[in-house]
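Overview (structure and organization)
Here's the letter readout for the chains.
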Amino acid sequence: GGGTGFDYFVDIKESKFREWSEIVPTFKYDDTVPYFSLVVPTNDTCRFSYIMKSLITVDKPVFITGVTGTGKTVAVQSLLNSLQPLPEDGGMNIVPIFMNFSAQTRSDVTQATIESKLEKKRKNLLGAPSGKKMVAFVDDVNMPLVETYGAQAPVELLRQFLDFKGFYDRDKLFWKDIVDVLMFAGAAPPGGGRAVVTPRFTRHFNVMCIPPASDAALTLIFSSILNGFLTKFEPEVQRMSSGIVAATIEIYAKISQELLPTPAKFHYTFNLRDISKVFQGLLMIRPRKCTENLTFARLWVHESMRIFYDRLILSLIHISEPTRQAEIS
């Protein structure tokens, strides 16, 4: 054994505890997939997908939170997309709806968006297409503007849906029931334009917090992507993969620890998306343009400078005139 209780799951068939790491699928790099849609399976994605899938089976809403850049959105989107096929094809016959809230989101627009995706069964009954289950994933749910009295209108609309399973018709004011629709929500912690969501809303959910990825997980994620990408390159370029991954993670760790935000440097908030952008830049080069390791090293330096160095405010040292003359001579 070893580790914590969260590192294991119960294998019903074999009636024993097994580690999540035993069932993490292997990652296969596909250069046709957009960079930010790539999902490298790790212990965390495996754990959370399993729990979310179990909760969908029993119709329980999920609220997923965690700091920016931990891959909340991508994890939920890839899970819901994978569950679209019929049960015999390994899915759950799910129709996903993806919505994003912003500071400007209005409740009437939110309601219209949800209703437009539903099927009208009777005058006062809406629902998912027959035989299917619809999962609405609302990302950044805590972004809408807070009103004078502390409420967020779009969130209150979703709360009404969770409380009573329906909406009022905006024109004729009669009640409409909604069936076969499950609510998923995602949000980063409050602060920076994000409000604290009312407990009346969150009490309905199973709240899960995705932790920031450990160095081992980051190494696995980015080395899987980079190794997959470099298969068409020269062997000497391929050999640089592990060094580049380690160096990028080290730069990020050092900067996050030592260069903290201050009133003058309020933009010194680095998150895992910054590491991602370095690799996104590396993945743009073509094998015929990069035949030796020096070219790839220069590209890495350039991308690291672009992401990290260009955001730093450098204190200019004013050299007095005599010393400057001495230096020149």
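Before reading on, note that the structure itself is shown above.
A brief report on the enclosed structure follows. (Residues numbered from 1 in each chain as written. Predicted model: local features only at pLDDT ≥ 70, side-chain atom pairs only at ≥ 80, totals over all residues. Heavy atoms only, no water.)

**Digging into the environment of Ser 276**
For clarity, the cut-off: By the criteria applied, helices consist of DSSP H or I runs no shorter than four residues and strands consist of E runs no shorter than two, each listed in order from the N terminus. Note on contacts: a residue pair qualifies if any of its non-hydrogen atoms lie within 4.5 Å across the two residues.
Secondary-structure assignment places Ser 276 in helix α9 (residues 272-282). Through-space distance from the C-alpha of Ser 276 to that of Asp 59 is 34 Å; in sequence the pair is 217 residues apart. The contact partners of Ser 276, leaving out residues within four places of it in the chain, are Tyr 35, Phe 36 and Phe 222.

**As for helix α3 (residues 107-117)**
As a reminder, the rule being used: For each residue, the accessible area found with a 1.4 Å probe, counting protein chains only, is set against the maximum for its type, and the residue is called buried under 20%, exposed over 50%, and partly exposed in between. Each direction from the helix axis to a C-beta atom contributes to the arc, which is the arc of those directions.
Here α3 has its buried residues at Ser 107, Thr 110, Gln 111, Ile 114 and Glu 115. Each buried residue of α3 lies within a common arc of 125 degrees when the element is viewed along its axis, so the set occupies one face. Those residues of α3 hidden inside the fold are in contact with β4 (94-100), β6 (125-127), α4 (153-164), β8 (166-168) and β9 (175-179).

**Comments concerning the packing of aromatic side chains**
Let me state the cut-off plainly: A pair of Phe, Tyr and Trp rings is counted when the ring centres sit within 6.5 Å of each other, with Trp represented by its six-membered ring. The angle between the planes then sorts it: under 30 degrees is stacked, over 60 is edge-to-face, the rest tilted. Charges are assigned to positions over rings by a cutoff of 6 Å between ring centre and Lys NZ or Arg CZ, combined with an angular limit of 35 degrees from the ring normal.
Counted under the stated rule, the structure contains 16 aromatic pairs. Seen in terms of ring centroids, Trp 20 and Tyr 50 are 5.3 Å apart; in terms of plane orientation they differ by 65 degrees. Their pairing is edge-to-face. One end of the pair, Trp 20, is in the loop between β2 (16-19) and α1 (43-57); the other, Tyr 50, is in helix α1, with 30 residues separating them in the sequence. For the pair Phe 233 and Phe 296, a centre-to-centre distance of 6.5 Å together with 50 degrees between the ring planes defines the contact as tilted. Of this pair, Phe 233 sits in the loop between α6 (215-229) and α7 (235-238) while Phe 296 sits in helix α10 (residues 293-307), and the two are 63 residues apart along the sequence. Assessed through its relative accessible area of 6%, Phe 233 is described here as buried. Owing to a relative accessible area of 0%, Phe 296 belongs among the buried residues under this scheme. Each member of the aromatic cluster is reached from another via a ring pair, and the members are Tyr 29, Phe 229, Phe 233 and Phe 296. Just above the ring of Phe 174 sits the side chain of Lys 123; from NZ or CZ to the centre is 4.5 Å.

**Details of α9**
In plain terms, the rule: Under the rule applied, a polar contact is a pair of N or O atoms within 3.5 Å (in protein, one hydrogen donor and one hydrogen acceptor; residues adjacent in sequence only if both atoms are side-chain atoms).
Burial runs high along α9: 8 of the 11 residues are buried. If you check which residues of α9 are buried, you get Leu 272, Asp 274, Ile 275, Ser 276, Val 278, Phe 279, Gly 281 and Leu 282. Each element contacted by the buried residues of α9 is listed here: α6, α8 (241-258) and α10. Capping of α9 at its N-terminal end is provided by Asn 271; its side-chain oxygen lies 2.8 Å from the backbone amide nitrogen of Arg 273.

**Let's talk about the nonpolar core**
Threshold: Only buried Ala, Val, Leu, Ile, Met, Phe, Trp, Tyr and Cys residues count toward a nonpolar core, and they belong to the same one when joined by side-chain atoms within 4.5 Å.
Core analysis: the biggest nonpolar cluster contains 32 residues, and Leu 226, Ile 244, Phe 279, Leu 282 and Phe 296 have the highest contact counts within it. For Ile 244, the residues in contact, after removing those within four places along its chain, are Leu 226, Phe 279, Leu 282, Phe 296 and Trp 300. Of all hydrophobic cores here, the second largest spans 26 residues; its members include Ile 97, Ala 136, Leu 158 and Leu 162.

**A closer look at the environment of Pro 263**
Within the element layout of this structure, Pro 263 appears in the loop between α8 and α9. With a relative accessible area of 81%, Pro 263 lands in the exposed category.

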